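# Results of the structural survey
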Amino acid sequence: NTGVPVVQGAWTHIAASYNGTDLKIYIDGVLVSNTVPVAPPHLNNTQPLIVGAGDNGMNFFTACSVDELRVWASERTLADIRANM
C-alpha cells in the first residue's frame, strides 16, 4: 500500500521497478514508494504471474481492468517509465 489514492474510473499508470535491493512504485510517472522488501520477489520460479490478486493468490482479486502489461528483464528508470507511459 503506497497511501496514494487511485481515482476509480480513471486511467492510472502504475509501474514497479526492482533492482535486486530496492522496490520502487510509480503512479502516473511519480515515485510514490521506495522500499527494501522484507522478502525479495521470487525472480526465479516456474509459478505463473498473477496480476490484480492479493498476497493469498487466487482467493482475492481487485475489481479493475488491465489495458496493457509489460514485464522487463532489467530495472526501469524514471525516464524509462515516463517514456513508456
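Residues numbered from 1 in each chain as written. Predicted model: local features only at pLDDT ≥ 70, side-chain atom pairs only at ≥ 80, totals over all residues. Heavy atoms only, no water.

## Here's the deal with the overall build of the chain
Just so we agree on the cut-off: What counts as a helix is a DSSP run of H or I of at least four residues, what counts as a strand is a run of E of at least two, and both are numbered from the N terminus. Three exposure classes are used, based on accessible area relative to the maximum for each residue type with a 1.4 Å probe and protein chains only: buried under 20%, partly exposed in between, and exposed over 50%. The contact definition used throughout considers only heavy atoms, calling two residues in contact when any of these lie within 4.5 Å. Per-residue accessibility takes into account occlusion by the displayed protein chains alone, with areas from the Shrake-Rupley method and a 1.4 Å probe.
Within the chain, the regular secondary structure consists of one helix and three strands. Listed N to C, the secondary structure of the chain is β-β-β-α in terms of helices and strands. Sorting the 85 residues of the chain into buried and exposed places 15% on the buried side. Looking at the chain alone, contacts between residues at least 24 apart form 26% of all its contacts between residues at least 6 apart. Here the chain has roughly 6,900 Å² of accessible surface; of this, 54% comes from carbon and sulfur atoms.

## Examining the sheet that holds strand β1 (residues 14-18)
Which entries qualify depends on this criterion: What makes two strands pair is DSSP finding at least two bridges between them. Axes here mean lines fitted to C-alpha atoms, for a helix over just the part in contact, with angles spanning 0 to 180 degrees between N-to-C directions.
Taken together, the three strands give an open sheet; going across it, the order is β1-β2-β3, and neighbouring strands pair in antiparallel fashion. Only two strands of the sheet have a single neighbouring strand rather than two, namely β1 and β3 (30-35). Sheet twist, expressed as the average angle between the axes of neighbouring strands with direction ignored, equals 20°.

## Some remarks on the pattern of salt bridges
Heads up, the rule is: For this analysis, a salt bridge means a side-chain nitrogen from Lys or Arg found within 4 Å of a carboxyl oxygen belonging to Asp or Glu.
Within the structure shown, the criterion is met by one salt bridge. R70 serves as the salt-bridge partner of E68, at 2.7 Å between the closest nitrogen and oxygen.

## Comments concerning the environment of I14
Assignment of secondary structure puts I14 in strand β1. Through-space distance from the C-alpha of I14 to that of I27 is 4.7 Å; in sequence the pair is 13 residues apart.

## Here's the deal with the environment of T77
Along the polypeptide, T77 turns up in the loop between β3 and α1 (78-83). For the pair T77 and K24, spaced 53 residues apart in sequence, the C-alpha to C-alpha distance is 9.6 Å.

## Quick notes on the packing of aromatic side chains
Rules: Within 6.5 Å between ring centres, the rings of Phe, Tyr and Trp (the latter by its six-membered ring) count as paired, and their orientation is classed by plane angle as stacked under 30 degrees, edge-to-face over 60, tilted in between. Geometrically, a lysine NZ or arginine CZ counts as sitting over a ring once it is within 6 Å of the ring centre and also within 35 degrees of the ring normal.
What the rule picks out here adds up to zero aromatic pairs. Over the face of the ring belonging to W72 we find R76, whose NZ or CZ atom lies 3.5 Å from the ring centre.

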